[in-house]
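Coordinate analysis (summary)
Listed below are the residues making up each chain.
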Amino acid sequence: MQSLQPKPFSKLRNFLWPIYGYELKKLLPMLALFFLITFVYNVLRCMKITLVVTSQGSGAEVIPFLKVWAVLPGAVLITYVYTKLTHHLNREQVFYTMLSFFLGFFTLFLLVLYPNRELLELTTIADSLQTRLPEGLGGLVSIIRHWPLTIFYVLSELWSTAVLSMLFWGFANEVTSVNEAKRFYAIFAIAANFSGIFSGQSAQWLTLDEYNPILPFGTVAWEQSLALQLGVVLFIGLVIVLLFRWVNKTIAKQQHIKSISETVKTAVIDEPAQKISLLECFSYLMKSRYMVYVTILVVAYNIIFNFSDVLWINQVQLRYPNASDFNAFTNQIATITGVFATLSGLMLSGNVIRRYGWTVTAMITPLIWLVTGIGFFGCLLFESNLYLTDLLYALFSLPVANLVLMFGAAQVCLGRASKFTLFDETKEIAFVPLPREEQRKGKAVVDGIASRLGKSGGSIMIQFLLVMCGNLGSTIPYIAVIFLVVITLWILAVRGLGKLVKRSIDQSGIDSVKPLNNAVLSQPQSTST
């Protein structure tokens, strides 16, 4: 009797395209859906930063205030709404409802809020607060003054949380078997990185250098560019709705939904995960040196990224005060980041750890941030020193202002690309040798607490320094010191955790290479998250 088992792949195909022909009718539409959702997020990401940073009286110092006082409450609210909707509607209805909300707001912003933004600004309240509050709280005043831009920033940021994480991955995990996920999800990660490349180039192409009188909207070039990019977002949003409807009817309806033990969840588990209280998470964290190290890794990355991102955006704004130029430059950086992330995913991810081990692989990301950070902060700190600026010009044949942008861009591109591949890969592998119960508690600690603590903690530190120093430029020496301290803790944590990971793998009998090929701990990270 002929075996029903599919033939094994060749080594080359197993590396490049481990997909059977009969699976294409399922993989390709889901891949297209994932690509379009991440494409929209990447376009919105550059657009939201451009709007809030280049608005009148604003700047890069507004970003840490937005992340703490606007995005964080928005994330809590959207999660609450999502859970309520899932209790009353089916999966397909929840998808249409939430996507309609996002597309409806972007339409309202394009047609009403942005064209009338000057009339809608809370000028009186903002001016009153500005006279009463310290100068360092100017970012907080700005998010109140430009409230339409604030809401746009929040919803653009929450596109990843709601549409990508909750809606797409909730659907994908439900209709994808464990065996399929082992092969499909790596391809999804590469597609997400490609979306960063295409979104950056598309947004650049839609960014106008001069006002075009042929277009029947906008009064300046940037307004026309914004309208074109938002028009593309809305069009792709409609395509996403139609594609999801087709996928849902042709794939999901034919898919026999298995029990939780047979489906892919955020972590691969053998039984339904029990709810873990916040107190249990902290209690487990305090008792486990292993998880303390993992938490330090995650918190450190998010603090480092917040510091570098805000300071670099501030330098970009100084160099490109015009919104169109700023948007074009940030989209170019998004393109380069996508290229590096894609190459890293294809060439380095998996291969480095198989050859050099967990510790060496995990050490690459902090070392990239350290080396580029030395160049970035060094140029910022010593740009007023004539001797050093002359020396740097002799070495690189570039003014120090250009070197700041160059090192900052290298930090963003290389640092984020390594995070999306090597950092996330080693972080997830650290969970593999742990018992199932410890995996669940560890994921709750790291994904539920550590990442939020790092993001919010970095923003709160910047806010405190702004209040103390008055402006972002004066905070640079303090941020540089904290940057070096956090990087050092990150490197020490990698060394300590590397020994524990090796010991745990040896004790559990798990092949250290096997998790890279067979374990699915969570959805792949990409330039969109």
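Residues numbered from 1 in each chain as written. Predicted model: local features only at pLDDT ≥ 70, side-chain atom pairs only at ≥ 80, totals over all residues. Heavy atoms only, no water.

**As for the overall build of the protein chain**
The number of helices and strands found in the protein chain is 20 helices and 0 strands. When burial is assessed residue by residue, the protein chain has 53% of its 529 residues classed as buried. Across the protein chain, every contact between residues at least 6 apart in sequence was considered, and the portion connecting residues at least 24 apart equals 82%. When the accessible surface of the protein chain is summed, it comes to about 24500 Å², and 64% of that surface belongs to carbon and sulfur atoms. (Helix = DSSP H or I, 4+ residues; strand = E, 2+ residues; numbered from the N terminus. Buried < 20%, exposed > 50% of the residue type's maximum accessible area, 1.4 Å probe, protein only. Contact = heavy atoms within 4.5 Å. Areas by Shrake-Rupley, 256 points an atom, 1.4 Å probe, with all protein chains shown as cover.)

**Remarks on the packing of helix 2 (residues 24-54) against helix 8 (residues 147-175)**
Packed helices, taken two at a time, are described by their axes: the angle between them and the distance between them. Put simply, helix 2 and helix 8 touch, their axes get as near as 9 Å, and they point 165 degrees apart. By the angle between their directions, the pair helix 2 and helix 8 is classed as roughly antiparallel. Considering the relative orientation of helix 2 and helix 8, their crossing is left-handed. For the contact of helix 2 with helix 8, the class distribution of residues is 21 nonpolar, 3 polar and 3 charged. (Axes fitted to C-alpha atoms, helices over the stretch in contact; angles between N-to-C directions. Parallel < 35°, antiparallel > 145°, perpendicular 65-115°, else oblique. Left-handed = near helix turned anticlockwise from the far one by under 90°. Nonpolar A, V, L, I, M, F, W, Y, C, P; charged D, E, K, R; others polar.)

**Considerations on a nonpolar patch on the surface**
Residues Val339, Leu343, Leu346, Met347 and Leu348 make up a contiguous nonpolar surface patch of about 410 Å² in total accessible area. Relative to the helices and strands, Leu346 resides in helix 13 (residues 323-348). (Patch = residues over 30% accessible without salt bridge, like charges linked within 9 Å, V, L, I, M, F, W, Y side chains within 5 Å. Salt bridge = Lys/Arg side-chain N within 4 Å of Asp/Glu carboxyl O.)

**A closer look at the pattern of salt bridges**
Opposite charge on two side chains makes pairing possible when the charged atoms of those side chains draw close. Applying the stated criterion across every chain, the model contains 5 salt bridges. Between Glu157 and Lys48 there is a salt bridge, with its nearest N and O atoms 3.2 Å apart. With Glu157 in helix 8 and Lys48 in helix 2, the pair connects residues that are 109 residues apart, well separated along the chain. Classification of Glu157 as partly exposed rests on a relative accessible area of 25%. The exposure class of Lys48 is buried, given its relative accessible area of 2%.

**Details of the packing of helix 15 (residues 358-382) against helix 17 (residues 400-429)**
One can describe the packing of helix 15 onto helix 17 by two numbers: an axis separation of 8 Å at closest approach and a directional angle of 165 degrees. In terms of axis orientation, helix 15 runs roughly antiparallel to helix 17. The handedness of the crossing between helix 15 and helix 17 is left-handed. Of the residues assigned to the contact of helix 15 with helix 17, the class counts are 17 nonpolar, 10 polar and 3 charged.

**Quick notes on the packing of aromatic side chains**
Inspection of every chain in the model, using the stated rule, returns 30 aromatic pairs. Note on Tyr96 and Phe244: the rings are 5.9 Å apart at their centroids and 85 degrees apart in plane angle, and the pair reads as edge-to-face. On the criterion of sequence distance, the pair formed by Tyr96 in helix 4 (residues 91-113) and Phe244 in helix 10 (residues 221-252) is long-range, its members being 148 residues apart. Residue classification places Phe244 among the buried residues on the basis of a relative accessible area of 0%. An angle of 70 degrees between the planes, with centres 5.4 Å apart, marks the rings of Phe376 and Phe377 as edge-to-face. Of the two residues, Phe376 and Phe377, neither departs from the other in class, the shared state being buried. The positively charged end of Lys48 is found above the aromatic ring belonging to Tyr153, 5.2 Å away from the centroid. Seen from the ring of Tyr114, Arg117 lies directly overhead, with NZ or CZ sitting 4.0 Å from the centre. (Phe/Tyr/Trp six-rings, centres within 6.5 Å; stacked < 30°, edge-to-face > 60°. Lys NZ or Arg CZ within 6 Å of the ring centre and 35° of its normal.)

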